[in-house]
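Below are the chains, spelled out letter by letter.
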Amino acid sequence: MAKKTWSDRFEGSLHPAIVLFNASIGFDIELIEYDLTGSAAHAKMLAHSGIISVTEAEQLVAGLEQIRQEYRQGQFNPGVDQEDVHFAVERRLTELVGDVGKKLHTARSRNDQVGTDIRLYLRDQIDQIRASLRAFQETLVALASEHVETLIPGYTHLQRAQPISLAHHLLAYFQMAQRDWERLGEIRARTNISPLGSGALAGTTFPIDRHFSANLLGFEGLYANSLDGVSDRDFAIEFLGAASLIMVHLSRLSEEIILWASQEFSFIRLTDSCATGSSIMPQKKNPDVAELVRGKTGRVIGHLQSLLVLMKGLPLAYNKDLQEDKEALFDAVKTVQVCLEAMTILLSEGLVFQTERLAQAVAEDFSNATDVADYLAAKGVPFREAYNLVGKVVKTSLAQGKLLKDLTLAEWQALHPAFDTDIYAAITPQQVVAARNSYGGTGFEQVRQALAQAKLCLEVEG
Ligand code: ARG
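Worth saying up front: this structure is predicted, and the values here are computed from it rather than measured. (Residues numbered from 1 in each chain as written. Predicted model: local features only at pLDDT ≥ 70, side-chain atom pairs only at ≥ 80, totals over all residues. Heavy atoms only, no water.)

*Asks:* How should I be thinking about the overall build of the protein chain in this particular structure?
*Replies:* Secondary structure summary: the protein chain contains 19 helices and six strands in total. Taking 462 residues into account, the globule formula puts the C-alpha radius of gyration at 23 Å, and the protein chain, at 31 Å, lies well above it. The dimensions of the protein chain, computed from C-alpha atoms along their principal axes, are 100 × 50 × 40 Å. Counted over contacts in the protein chain with a minimum sequence separation of 6, partners at least 24 positions apart contribute 76%. When the accessible area of the protein chain is evaluated, it comes to approximately 21,800 Å², of which 54% is carbon and sulfur surface. Across the protein chain, the centroid of the 44 positively charged side chains sits 2 Å from that of the 58 negatively charged ones. (Helix = DSSP H or I, 4+ residues; strand = E, 2+ residues; numbered from the N terminus. Rg over C-alpha atoms; globule rule 2.2 N^0.38 Å. Contact = heavy atoms within 4.5 Å. Areas by Shrake-Rupley, 256 points an atom, 1.4 Å probe, with all protein chains shown as cover. Lys, Arg positive; Asp, Glu negative; His and termini not counted. Charge placed at Lys NZ, Arg CZ, Asp CG, Glu CD.)

*Asks:* Is there a simple way to think about the packing of helix α6 (residues 110–146) against helix α19 (residues 444–461) in this case?
*Replies:* How two helices sit against one another is set out by the angle between their axes and by the gap between those axes. At a minimum axis distance of 10 Å, the contact between α6 and α19 shows a crossing angle of 150 degrees. Taken together, the axes of α6 and α19 are roughly antiparallel relative to one another. The chirality of how α6 crosses α19 is left-handed. Between α6 and α19, the residues in contact are R134, Q137, E138, V141, A144 and S145 and L451, A454, K455, C457, L458 and E461, respectively. Looking at the contact of α6 with α19 residue by residue, the class counts come to six nonpolar, two polar and four charged. (Axes fitted to C-alpha atoms, helices over the stretch in contact; angles between N-to-C directions. Parallel < 35°, antiparallel > 145°, perpendicular 65-115°, else oblique. Left-handed = near helix turned anticlockwise from the far one by under 90°. Nonpolar A, V, L, I, M, F, W, Y, C, P; charged D, E, K, R; others polar.)

*Asks:* What is the right way to read a nonpolar patch on the surface from this model?
*Replies:* On the surface, W6, F10, L14, I18 and F21 cluster together to form a nonpolar patch covering roughly 500 Å² of accessible area. Inspection of the secondary structure puts W6 in the segment before α1 (16–22). Assessed through its relative accessible area of 31%, W6 is described here as partly exposed. (Patch = residues over 30% accessible without salt bridge, like charges linked within 9 Å, V, L, I, M, F, W, Y side chains within 5 Å. Salt bridge = Lys/Arg side-chain N within 4 Å of Asp/Glu carboxyl O. Buried < 20%, exposed > 50% of the residue type's maximum accessible area, 1.4 Å probe, protein only.)

*Asks:* Help me understand the packing of aromatic side chains, please; the structure alone is not making it clear to me.
*Replies:* Aromatic ring pairs are reported here in terms of the distance separating the ring centres and the angle at which the planes meet. All told, the structure shown has eight aromatic pairs when counted by the stated rule. Between Y121 and F330, the aromatic rings sit 4.9 Å apart at their centres with planes inclined by 65 degrees, giving edge-to-face as the arrangement. Of this pair, Y121 sits in helix α6 while F330 sits in helix α12 (residues 325–350), placing them 209 residues apart in sequence. The pair Y121 / F330 is uniform in exposure class, with both members buried. Here the aromatic residues Y34, Y121 and F330 are joined through ring pairs into a cluster of three or more. (Phe/Tyr/Trp six-rings, centres within 6.5 Å; stacked < 30°, edge-to-face > 60°.)

*Asks:* Is there a simple way to think about the pattern of salt bridges in this case?
*Replies:* Note on pairing: side chains with opposite charge can pair once their charged atoms come close. Counted under the stated rule, the structure contains 28 salt bridges. Via salt bridges that share partners, E33, E65, R68 and R72 belong to a single interconnected network.

*Asks:* Is there a simple way to explain helix α15 (residues 383–400) in this structure?
*Replies:* Three or four residues apart is the spacing at which side chains of an α-helix point the same way, because the helix has 3.6 residues per turn. With 18 residues, α15 ought to run about 26 Å at 1.5 Å a step, and its terminal C-alpha atoms sit 26 Å apart, in line with that. Taken residue by residue, α15 has A386, L389, V390, V393, V394 and S397 as its buried positions. Buried positions in α15, seen along its axis, are confined to an arc of 145 degrees and lie on one side of it. Turned more than 90 degrees from where α15 packs its buried face, R384, K392, K395, L398 and A399 sit exposed. Buried residues along α15 sit in contact with α14 (369–378) and α16 (409–415). Phi turns positive, to about 70 degrees, at G401, one or two residues after α15. (Expected span 1.5 Å × (residues − 1). Arc of directions from axis to C-beta.)

*Asks:* Teacher, can you tell me more about the site of the ligand here?
*Replies:* As a structural note, the neighbourhood of the ligand is formed by S24, D28, D84, H86, R110, N111, V114, Y318, Q323 and K326. Within the side chain of K326, one N or O atom sits 2.6 Å away from an oxygen atom of the ligand. Protein contact buries 87% of the 340 Å² of open area that the ligand shows by itself. The element contributing the most residues to the shell around the ligand is α6, with three residues. When its residues are assigned to classes, the shell around the ligand shows two nonpolar, four polar and four charged. (Near = heavy atom within 4 Å. Polar contact = N/O pair within 3.5 Å; in protein donor to acceptor, adjacent residues only side chain to side chain.)

*Asks:* Looking at this structure, how should I read the layout of surface pockets?
*Replies:* Leftover empty space is mapped by rolling, across the atoms, a probe with the size of a water molecule. In this model, the largest pocket occupies a volume close to 590 Å³. Taken together, 25 residues line the largest pocket, and the ones lying closest to its centre are H168, Q175, G440, G441 and A450. If one sorts the elements of the lining of the largest pocket by residue count, helix α7 (residues 166–191) sits on top with seven residues. Per-class residue counts for the lining of the largest pocket are 11 nonpolar, 13 polar and one charged. (1 Å grid on protein atoms, 1.4 Å probe; cavity = no way out; pocket = protein on both sides within 12 Å on 5 of 7 lines; lining within 4 Å. Points joined across faces, edges and corners; volume = space filled by probe spheres on them.)

Written out as structure tokens, the structure is:
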């Protein structure tokens, strides 16, 4: 039977099944480094405020650092009888430094302690995810630089719409990742607020200095209300929202890669470093990386839902339900990280654009039809009238198995006298793309500027 954790108010011990049920050590061990850092800052604050002596604080900090070394060397492996990482650390500390270890929890509750740990953890993870987003963006920019003049069909409704520069397509994902990076920066600021010193819910009777511990831990502010401090998980929900958006963006790219790799599209070829075979069909090469990213997106979105539902019925302040926030958060963090990493590898070495096939694709359709209408409109024909005329010529061309470029000048002029020989140059895929030189458009000049802008942004913002 496990050793009794609680005060002498309790006479019996927990049922063994309930010990297991109650324990979070199996997953909150993930927080240990942050718990040690938070506890060291708390101990220093206690000495600074005259609540314990400086020598006592030094003993506590040395003990905490020793636990850190033990953990890093794989020698600290608390079991379920320790309930959670906070108890496990406190117990080991007391073993290491003796009775002074029992002073660590003065003027603190596990409620403000776990809140501190989780924020320190998430702040760190946000920084790592932002660095991974940067690596992903670098890869997009490198790939886009190679493909400014590579054309690819642009789609709406998954129907060929207008040809575009492949770099323009890739840079759309750069922009999404840029917003993801910025969003995480904003969420980091709201995560980086100290709840330490909120106590169990109401503050503490000791003359603590919350600013002191917050400063030591690099927090940029303090929770102004202790009830809010111990029960707020907004920052985690916001993070899961941002993580879900990152995954949605990666998932859309994945979906495109899966389509592009199909025999029907054949816009890319998967290299052997990121594709897998089938156990039965020897001809197959599967886009597993992209499929897994698309699949894992559901997990992260699920975690966002979990936490929202977890919070919606909780009265103030701390409730044990909050222990359920961790696995969702940890799994989302890990999933986003591995997916960003995998997609960065996939883009940098896992696929090759089939430029000949792409050139053929943009030359064999009616995606230059808008440009015929624009051509007439530029010569004074009202756009709607021009649009209807072109609709007619598309219909007859389809029936005759011809493309617009195959029409003779006589045929063009029979349609409208404003047509001249320059119509042929106006409807080549290159010209169709080049002509869309409006800000943010696919025109090569615009794409080159967007690319330069993207590079600058990576340089300046780091
Ligand atoms: N393991 C707990 C959690 O993750 C720590 C806080 C426990 N607080 C309490 N009042 N029982 O939420």
